[in-house]
Amino acid sequence: MNPRLRAALVTRRRRVGTTGAGSPRPRRGDGYEFAELRSYVAGDDPRRIDWAATARAGDLQTRVMFEDHALTLAAVLDASRSMFVGRDRPVYDVASGALSTWYALASAEDHCTRVLSDRVIEDRRRRGRSAALLCAEVRDEPGAPLDDALRIASLTVPRDASLLIVSDFYELGALEPSLRRLAARCDCTALVVRDPWRDDLPLGGFVRLRDAETGATQRLFVGRRERQRFGVAVAARESAVCEAFEAIGVRAAVLAGDSERALLEAFGLA
Amino acid sequence: MTFAHPERLLIALLASLAFALVYRAIERRASARALAYSNLAFALEAMRPSRLPAVVVFAALLAGVAALAAAFAGPRLVARVPVKDGTVILCIDTSGSMSATDLKPSRAAAAKAAARAFLDEVPAGTRVGIVTFASGASVVQPPTDDLDAVRDALDRVPPPNGATAIGDALALAAQQMPAHGKRVIVLMTDGVNNRGVDPVSAARDAATAGTTVHTVGIGTNGSGELIPGTNELADLDETTLRAIAANANGTYASAQDAASLRGAFRDLARATVWEKRRFDGSTLFAAGGGVVVVLAFLVGFAAGKFP
């Protein structure tokens, strides 16, 4: 676990009902750790009345508990066909590594879930295995649309959860409504998977490209000029996608391979 | 261009269509080996690839296949080729009237320049000779395919002096001709035949022996130019020159200045020492089409680099 990341996750998570980045103050509510005694106010849970303190004080006293700093870590990994292309390995595997890093931030008290395109995987306590690892090992069906998983997440991920979304986001326009709903519900972090050929498109001459999603093919001539244009366009797209996420309240960074670095960048720590 | 078997052109057309269909089928099957990319639309928009190379390669392939198919139909091509076994004799007037200066710098100098212009158009292999005539005719250069020797011979053309023996020049030139091949006499004169044999008869005799006579008249009638050293007008007998050409299957041209004289000789050279000949273009079409197809395949189907 990266302590800096963990601390950033705890302190910088956007919380529903708070303004700005949220101050690192505990929210008063049900929990396991005693915080303080105060006078009873209408609406307090009667089960929290401390009778011993009431006897001493002479009026009703309520026990207030700290919400422990338990997090809910959730993640959505794009399993559409566009994620199964790559140079030496599919970008899906790179993205899976990011999930492992994400769940590694979980402490023993945290709750972990993994949202797939058709169901939610809750953490299972198994001897010798961490819940986070289980969630990371789960693979969605190849070709599953990301929007399905995002819709399920918007319905099931607890409020104030910390949600990680990893995708190439080529269909960001279509995903925006789901992303906005999620951003309003929980603390979202998006990792934009880097195009594996961003810095070196090794195509030359007459080549044939096939769209991984639709299967459409196109024969085209790739020369030096085309390769230069491609590199510029890919870099511009990455910047534009990150800016678009910031505009809808989702922190974002580019996942180039080092998932820990990408998360640090997303949290502004790199 | 004509075709020995025009009906086979239909087969050529069908072959070209069949090729286009096969090409498309190969393209579709090759799609299976395409490189998968996350978002093709983005890649195309990013690269903005030019369609021109693909169009050029396809057009070259189609043209190559069409040429191969057309070769099957026996194309007959017409080409301008040097006359086979040709001999031309230039008969140059060196009579006294050729010193007149209505053609600059003089008729004689303009005649030599015109003869050089003629030689510039003669292809290698054609034999050229020079006969000069004034009061009589003489061979300055027997017919030879050494054009440099002919050019050197022009420097040996005597200065203008004497009468005009057109008929003798034609007869002498006809004697220099070989027994076979294309034979042409180009007669250049500025005057009236006033010595020797009748030029029209000489032309007729030359024609009988298979020689063509073209005539070029130099100078202007009614110019008032006098034959130097005499009081005689340096007039041109166009009637006789036309008759000579007509009787010897030739043409008549006149030139009033040096430039038109050179032009007339240049045109004569192209008409006499070059000819249009039909030849079987099947080999050419087949070879050309084959080369284009192979090159187009090498260029167009050279494997692109893949990661």
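Residues numbered from 1 in each chain as written. Chains lettered and ligands numbered in written order. Predicted model: local features only at pLDDT ≥ 70, side-chain atom pairs only at ≥ 80, totals over all residues. Heavy atoms only, no water.

Asker: Would you mind showing me how to read helix 7 (residues 199-208) of chain B here?
Answerer: A turn of α-helix holds 3.6 residues, and therefore any two residues three or four places apart point the same way. Residues and elements named next belong to chain B. The complete set of buried residues in helix 7 reads Pro199, Val200, Ala202, Ala203, Ala206 and Ala207. Seen from one end, helix 7 has its buried residues packed into an arc of 160 degrees, which puts them on one side. Facing away from the buried side of helix 7 by more than 90 degrees, the exposed set consists of Asp205 and Thr208. Along its buried surface, helix 7 packs onto helix 6 (166-176), strand 8 (211-218) and helix 8 (238-247). (Buried < 20%, exposed > 50% of the residue type's maximum accessible area, 1.4 Å probe, protein only. Helix = DSSP H or I, 4+ residues; strand = E, 2+ residues; numbered from the N terminus. Arc of directions from axis to C-beta. Contact = heavy atoms within 4.5 Å.)

Asker: Help me out: how do you make sense of the confidence of the model for chain B in this one?
Answerer: Detailed reading of predicted coordinates is not advised where the pLDDT is low. When the pLDDT values of chain B are averaged, the result is 86; 92% of them are 70 or greater. Across the interfaces of the predicted complex, the ipTM metric reaches 0.76, alongside a pTM of 0.58. (pLDDT = per-residue confidence, 0-100.)

Asker: What is the right way to read the pattern of salt bridges from this model?
Answerer: As a working rule, side chains carrying opposite charge can pair if their charged atoms are close by. All names here are of chain A. Within this structure, the stated rule accounts for 20 salt bridges over all chains. With a closest N to O distance of 3.0 Å, Asp118 and Arg119 form a salt bridge. With relative accessibility at 52%, the residue Asp118 sits in the exposed group. A network of salt bridges, in which partner residues are shared, links Arg194, Arg198, Asp199 and Glu238. (Salt bridge = Lys/Arg side-chain N within 4 Å of Asp/Glu carboxyl O.)

Asker: Teacher, can you tell me more about the confidence of the model for chain A here?
Answerer: Looking at chain A as a whole, the pLDDT averages 83, with 85% of positions reaching at least 70. Confidence drops under pLDDT 50 across residues 15-31 of chain A; counting only partners more than four residues distant or on other chains, this segment forms 24 contacts.

Asker: Looking at this structure, I do not really get the interface of chain B and chain A. What am I missing?
Answerer: When the parts come together, some accessible area is lost, and that loss is often what is quoted as the size of the interface. Listed per partner, the contact involves 33 residues of chain B and 33 residues of chain A. Summed over both sides, the interface between chain B and chain A buries roughly 3,100 Å², with carbon and sulfur atoms accounting for 63% of that surface. At the boundary of chain B and chain A, one finds 0 salt bridges. At the boundary of chain B and chain A, one finds 11 residue pairs in polar contact (both at pLDDT 80 or more). Elements represented by at least two residues in the side of chain B that touches chain A include exactly helix 1 (8-30), strand 2 (35-37), helix 2 (40-47), helix 3 (52-71) and helix 10 (282-300) of chain B. Tallying contributions element by element places helix 2 of chain B first for the side of chain B that touches chain A, with 7 residues. Residues of the side of chain B that touches chain A, tallied by class, amount to 23 nonpolar, 6 polar and 4 charged. Sheet topology note: the strand 8 (residues 205-211) of chain A/strand 2 of chain B ladder contains 3 bridges and is parallel. Note on strand 2 of chain B: the bridge partner recorded for Leu209 of chain A is Leu35 of chain B. (Buried area = accessible area lost by both parts, 1.4 Å probe. Polar contact = N/O pair within 3.5 Å; in protein donor to acceptor, adjacent residues only side chain to side chain. Nonpolar A, V, L, I, M, F, W, Y, C, P; charged D, E, K, R; others polar. Pairing = 2+ DSSP bridges.)

Asker: Please explain unusual backbone geometry as it appears in this structure.
Answerer: Residue and element names in this part refer to chain B. Following Lys104, the chain continues to Pro105 via a peptide bond in cis, the omega torsion being -5 degrees. With a phi close to 45 degrees, Arg48 is a non-glycine residue in the positive phi region. With respect to the helices, strands and loops of the structure, Arg48 is situated in the loop between helix 2 and helix 3. For Arg48, a relative accessible area of 54% gives the class exposed. Positive phi is not limited to glycine here, since Asn249 has a value of about 60 degrees. Exposure remark for Asn249: the relative accessible area of 59% places this residue in the exposed category.

Asker: What is the right way to read the environment of Tyr23 of chain B from this model?
Answerer: Relative to the helices and strands, Tyr23 of chain B resides in helix 1. For the pair Tyr23 of chain B and Phe58 of chain B, spaced 35 residues apart in sequence, the C-alpha separation works out to 9.0 Å.

Asker: I would appreciate a short explanation of the sheet that holds strand 9 (residues 217-222) of chain A in the present structure.
Answerer: One key point about sheets: their strands pair by backbone hydrogen bonds, in either a parallel or an antiparallel sense. The sheet built from 3 strands is open, its strands ordered 9(A)-8(A)-2(B) with mixed pairing. The open sheet has two free edges, formed respectively by strand 9 of chain A together with strand 2 of chain B, since each of these has just one partner strand. Strand-to-strand, the axes of this sheet are offset by a mean angle of 40 degrees, without reference to chain direction. Each of strand 8 and strand 9 of chain A together with strand 2 of chain B touches helix 2 of chain B; the most contacted strand, strand 9 of chain A, lies at about 25 degrees to it. (Axes fitted to C-alpha atoms, helices over the stretch in contact; angles between N-to-C directions.)

Asker: I would appreciate a short explanation of the pairing of strand 3 (residues 75-82) of chain B in the present structure.
Answerer: Sheet faces and side chains relate simply in a regular strand, where the side chains alternate between the two faces. Residues and elements named next belong to chain B. Pairing of strand 1 (residues 2-3) with strand 3, which is carried by 2 bridges, proceeds in the antiparallel orientation. Bridge assignment links Thr2 to a residue of strand 3, and that residue is Arg76. Relative to strand 10 (residues 274-280), strand 3 is paired through 7 bridges, and the arrangement is antiparallel. Along strand 10, the bridge assignment pairs Val78 with Arg278.

Asker: For this particular structure, what's the right way to read the sheet that holds strand 3 of chain B?
Answerer: Spatially, 3 strands are ordered 1-3-10 (chain B) in an open sheet, and the strand pairing comes out antiparallel. Both outer strands of the open sheet, strand 1 and strand 10 of chain B, are each paired with one neighbouring strand and no more.

Asker: Help me understand a nonpolar patch on the surface in this model?
Answerer: A cluster of nonpolar side chains, contributed by Val291, Val294, Leu295, Leu298 and Val299 of chain B, occupies part of the molecular surface with about 470 Å² of accessible area. Locating Val291 of chain B in the fold gives a position in helix 10. (Patch = residues over 30% accessible without salt bridge, like charges linked within 9 Å, V, L, I, M, F, W, Y side chains within 5 Å. Areas by Shrake-Rupley, 256 points an atom, 1.4 Å probe, with all protein chains shown as cover.)

Asker: What exactly am I supposed to notice about the side chain of Thr62 of chain A here?
Answerer: With respect to the helices and strands, the residue Thr62 of chain A is situated in strand 2 (residues 61-66). Setting aside chain neighbours within four positions, we find Thr62 of chain A in contact with Glu36, Leu37, Arg38, Ser39, Tyr40, Asp44, Arg48 and Ile49 of chain A.

Asker: Just checking my understanding: could you explain the packing of aromatic side chains for this structure?
Answerer: The full count for this structure, using the stated rule, is 7 aromatic pairs over all chains. On the basis of an interplanar angle of 15 degrees and a centroid distance of 4.7 Å, the ring pair of Phe84 of chain A and Tyr92 of chain A is categorised as stacked. Owing to a relative accessible area of 28%, Phe84 of chain A belongs among the partly exposed residues under this scheme. Exposure remark for Tyr92 of chain A: the relative accessible area of 1% places this residue in the buried category. Between Phe169 of chain A and Phe245 of chain A, the aromatic rings sit 4.7 Å apart at their centres with planes inclined by 75 degrees, giving edge-to-face as the arrangement. Separated by 76 residues along the polypeptide, Phe169 of chain A in the loop between strand 6 (162-167) and helix 6 (172-185) and Phe245 of chain A in helix 7 (residues 224-247) bring together distant segments of the chain. For the pair shown, Phe169 of chain A and Phe245 of chain A are each scored as buried. A connected cluster of aromatic rings, assembled from ring pairs, spans Trp197 and Phe230 of chain A together with Tyr37 of chain B. Over the ring of Phe42 of chain B we find Arg237 of chain A, and its NZ or CZ is 5.8 Å from the ring centre. (Phe/Tyr/Trp six-rings, centres within 6.5 Å; stacked < 30°, edge-to-face > 60°. Lys NZ or Arg CZ within 6 Å of the ring centre and 35° of its normal.)

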